[in-house]
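# What the coordinates show
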Amino acid sequence: MSEAKVFLRGHISVPADRIAQVRAALSDHIALTRAEPGCLAFDVVEDGEVSGRFNVSEVFEN
């Protein structure tokens, strides 16, 4: 039997006046999250259709 994994998908909505701050901090945030124990994948992608929306997907061991 394979081990269960936790898959999460969602988004964060960022106010227009904070988008630059989020973009600037995003690579550090991604690196820190990927370094967490049990993290198998973590991605944040700016939505191409909805301004201020960043799509998040995560996979953790448990």
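Everything below is about the structure shown above.
Below: a short report on this structure. What you see is a predicted model, and the numbers here were worked out from it, not measured in a lab.

Thresholds applied
Residue positions are counted from 1 within each chain, in the order its sequence is given. Per-residue local features are limited, in this predicted model, to residues with pLDDT of at least 70; the limit for side-chain atom pairs, both in listing and counting, is 80 or more; totals at the level of whole chains, interfaces and linings are taken over all residues. Values shown for side chains rest on all heavy atoms present in the structure; no hydrogens or waters enter the calculation. The way it works is that DSSP assigns letters per residue, a run of H or I at least four long becomes a helix, a run of E at least two long becomes a strand, and they are numbered from the N terminus. Put simply, the radius of gyration uses C-alpha atoms, and a globule should come to 2.2 Å times the residue count raised to 0.38. We call a residue buried when its accessible area falls under 20% of the maximum for its residue type, exposed when it is over 50%, and partly exposed in between, using a 1.4 Å probe and counting protein chains only. Contacts are assigned to residue pairs that have any heavy atoms within 4.5 Å of one another. Reported accessibility uses the Shrake-Rupley method at a 1.4 Å probe radius. Residues are deemed covered only where the shown protein chains occlude them. Strand pairing is assigned whenever DSSP detects at least two bridges linking the two strands. Angles shown run from 0 to 180 degrees and are taken between the N-to-C directions of axes, each axis being a line fitted to C-alpha atoms and, for helices, limited to the stretch in contact. Nonpolar cores are built from buried Ala, Val, Leu, Ile, Met, Phe, Trp, Tyr and Cys residues. Side-chain atoms within 4.5 Å join them into one set.

Moving on to the overall build of the protein. Helix and strand content of the protein: 1 helix and 3 strands. The C-alpha atoms of the protein give 13 Å as radius of gyration, which overshoots the globular expectation for 62 residues (11 Å, by more than 25%). By its C-alpha atoms, the protein is 45 × 20 × 15 Å across when sized along the principal axes. For the protein, the proportion of its 62 residues judged to be buried stands at 24%. Pairs at least 24 residues apart make up 50% of the contacts formed inside the protein by residues separated by at least 6 positions. Accessible area of the protein: about 4800 Å², with a carbon and sulfur share of 53%.

Turning our eyes to something else, we now look at the environment of Ala16. You can see Ala16 is positioned in the loop between strand 1 (6–13) and helix 1 (19–34). Put simply, Ala16 and Gly48 are 32 residues apart on the chain and 15 Å apart in space, counted from C-alpha to C-alpha.

Here the focus is the sheet that holds strand 3 (residues 53–60). Pairing within the open sheet is antiparallel, and its 3 strands lie in the order 1-3-2. Of all the strands in the sheet, the pair left with one neighbour each is strand 1 and strand 2 (39–46). Within this sheet the neighbouring strands show an average axis-to-axis angle of 10°, counted without direction. Here strand 2 runs beside strand 3; their pairing, made up of 7 bridges, is antiparallel.

In terms of nonpolar packing, the biggest core is built from 10 residues, these being Val14, Ile19, Leu26, Ile30, Cys39, Phe42, Val44, Phe54, Val56 and Phe60. Elements that contribute at least two residues to this core include exactly helix 1, strand 2 and strand 3. Each residue touching Ile19, except ones within four places of it in the same chain, is listed here: Val14, Glu46, Ser51, Gly52 and Phe54.

Geometric descriptors of this kind do not, in isolation, establish any biological role.
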